[in-house]
Amino acid sequence: MSHRYGLAALLCVAALLVPARPAAAADAWDAPGPYATAVQVGVVNTLYYPRDIATSPRRHPVIVWGNGTGGVPLVYRDLLLYWASHGFIVSAANTPTSNLGVSMRLGIDALAQADADPGSVFHHHVDLAHIGASGHSQGGAAAIVVGADPRIDAILPIQPGPLADIDAVHVPALLLAGQFDSIVFPALVKAFYNDADHIPAIYAELRGADHFTVVGDPGPFAAPTTAWFRFQLMGDTAAGAEFTGPRCGICTDTRTFSDVRRNALAP
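Model, not experiment: these values are computed from the prediction. (Residues numbered from 1 in each chain as written. Predicted model: local features only at pLDDT ≥ 70, side-chain atom pairs only at ≥ 80, totals over all residues. Heavy atoms only, no water.)

Time to look at the overall build of the protein. Summing up its helical and strand segments, the protein has 7 helices and 10 strands in all. Evaluated residue by residue, the protein yields a buried proportion of 54% over its 267 residues. Nonlocal contacts in the protein, meaning residues at least 24 apart in sequence, comprise 67% of its contacts between residues at least 6 apart. Counting only carbon and sulfur atoms, one obtains 59% of the accessible surface of the protein, whose full area is about 10,700 Å². (Helix = DSSP H or I, 4+ residues; strand = E, 2+ residues; numbered from the N terminus. Buried < 20%, exposed > 50% of the residue type's maximum accessible area, 1.4 Å probe, protein only. Contact = heavy atoms within 4.5 Å. Areas by Shrake-Rupley, 256 points an atom, 1.4 Å probe, with all protein chains shown as cover.)

Dropping the structure here:
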């Protein structure tokens, strides 16, 4: 990924509060969710989460995130806040070199500690039984690397770089490519998909997308990524219909997707 965003993005203020627009409907994933959101910048990870989590009646699933090369969480702020507005706690690694997934794993450790700490707003509000891994470019490769961690329940690599081994992953995978990506060519993402014949795997190529479409306003990436995590981490059957069955939502949405493939293990 381009380094043009710089490390100065890490200087953003901790505990920044961000209002969320209400979703058009309770189960809509193509609009921001019902939760107002907050941001907390730490040394290793930046957290995006429902603002009123301390008084929430529920535990919230976790998504760990890896940045593209040279990137920082602020670059992907809109997408990460979008997920938080749907009730997820997003732990984004601050590192611009995320491929090994070390900071992403440390994010899980930190949230486990916060969940056990009576003085934390996350006390007894982190759903550590439902954790997903995602990232873009180099961070997409990191999502595959972290997908081998037994604490991970699903992965969503976005235009993943090549330095990962999907053979080590044993959870469902949604692999996203950009039709016009000239940095991580769609064929490279398809190679991961073809190698993922031991797990439920889906390959989806966003029509018209290049390598940086997901940066800033995530555009067409927001809805399917949210639906995937709602399905995998929240058990949302309506969202699951986007990915399951021969007439799955993304399978028939040729306006958004230029190519969709599902392997024999995909439900």
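What follows continues from the structure just given.
Moving on, we get to the layout of surface pockets. By volume, the second largest pocket is sized at about 180 Å³. Taken together, 13 residues form the lining of the second largest pocket, with Q40, N45, L47, A110 and L111 sitting closest to its centre. When residues of the lining of the second largest pocket are traced back to their parent elements, those giving at least two are β2 (37-41), β3 (45-50) and α2 (102-116). The element best represented in the lining of the second largest pocket is α2, accounting for 4 residues. Of the residues belonging to the lining of the second largest pocket, the class tally is 8 nonpolar, 5 polar and no charged. (1 Å grid on protein atoms, 1.4 Å probe; cavity = no way out; pocket = protein on both sides within 12 Å on 5 of 7 lines; lining within 4 Å. Points joined across faces, edges and corners; volume = space filled by probe spheres on them. Nonpolar A, V, L, I, M, F, W, Y, C, P; charged D, E, K, R; others polar.)

The buried fraction of strand β8 (residues 173-178) amounts to 6 of the 6 residues, a majority that puts the element mostly inside the structure. The pairing of strand β7 (residues 154-158) with β8 spans 2 bridges and is parallel. Bridging from a neighbouring strand, I155 pairs with A173 of β8. Looking at chain direction, β8 and strand β9 (residues 201-206) are connected through 6 bridges and run parallel. When the sheet's bridge partners are listed, A173 is paired in β9 with A201. For the crossover that starts at β8, traverses helix α4 (residues 186-195) and ends in the parallel β9, the hand is right-handed. (Pairing = 2+ DSSP bridges. Right-handed = clockwise from strand over helix to strand, strands pointing away.)

This paragraph deals with the nonpolar core. In a soluble, globular protein the nonpolar side chains are often hidden away together inside. The biggest cluster of nonpolar side chains holds 41 residues, and the ones touching the most others in it are W65 and W83. If you list the elements that add at least two residues to this core, you get β2, β4 (60-66), α1 (77-85), β5 (89-93), β7, β8, β9 and α5 (222-234). The greatest single-element share of this core, amounting to 6 residues, is contributed by α1. (Core = buried A, V, L, I, M, F, W, Y, C linked by side-chain atoms within 4.5 Å.)

A separate point is α4. Along α4, the positions that sit buried rather than exposed are P186, V189, F192 and Y193. The buried residues of α4 occupy an angular sector of 120° when the element is viewed end-on, so they sit on one face. Set apart from the buried face of α4 by more than 90 degrees, the exposed residues are A187 and N194. Against the buried residues of α4 lie α3 (138-146), β8, β9 and β10 (257-262). (Arc of directions from axis to C-beta.)

This part takes up a nonpolar patch on the surface. A cluster of nonpolar side chains, V43, V44, L100, V102 and L106, forms an exposed patch at the surface whose accessible area comes to about 500 Å². Locating V43 in the fold gives a position in the loop between β2 and β3. When its relative accessible area of 81% is taken as the criterion, V43 is described as exposed. (Patch = residues over 30% accessible without salt bridge, like charges linked within 9 Å, V, L, I, M, F, W, Y side chains within 5 Å. Salt bridge = Lys/Arg side-chain N within 4 Å of Asp/Glu carboxyl O.)

The next subject is the confidence of the model for the protein. Averaged over every residue, the pLDDT of the protein is 91; residues scoring 70 or more account for 90%. For the stretch residues 1-27, pLDDT sits under 50, and the model shows 63 contacts to residues farther than four places along the chain or on other chains. (pLDDT = per-residue confidence, 0-100.)

This part takes up the packing of aromatic side chains. All told, the structure shown has 9 aromatic pairs when counted by the stated rule. Measuring from centroid to centroid gives 5.8 Å for W65 and W83, while their planes differ by 65°, and the two rings are edge-to-face. Placement of the pair is W65 in strand β4 and W83 in helix α1, with a sequence separation of 18 residues. One exposure class covers both W65 and W83, and it is buried. Joined through ring pairs, the aromatic side chains of W65, Y76, W83, F88 and F229 make up one cluster. (Phe/Tyr/Trp six-rings, centres within 6.5 Å; stacked < 30°, edge-to-face > 60°.)

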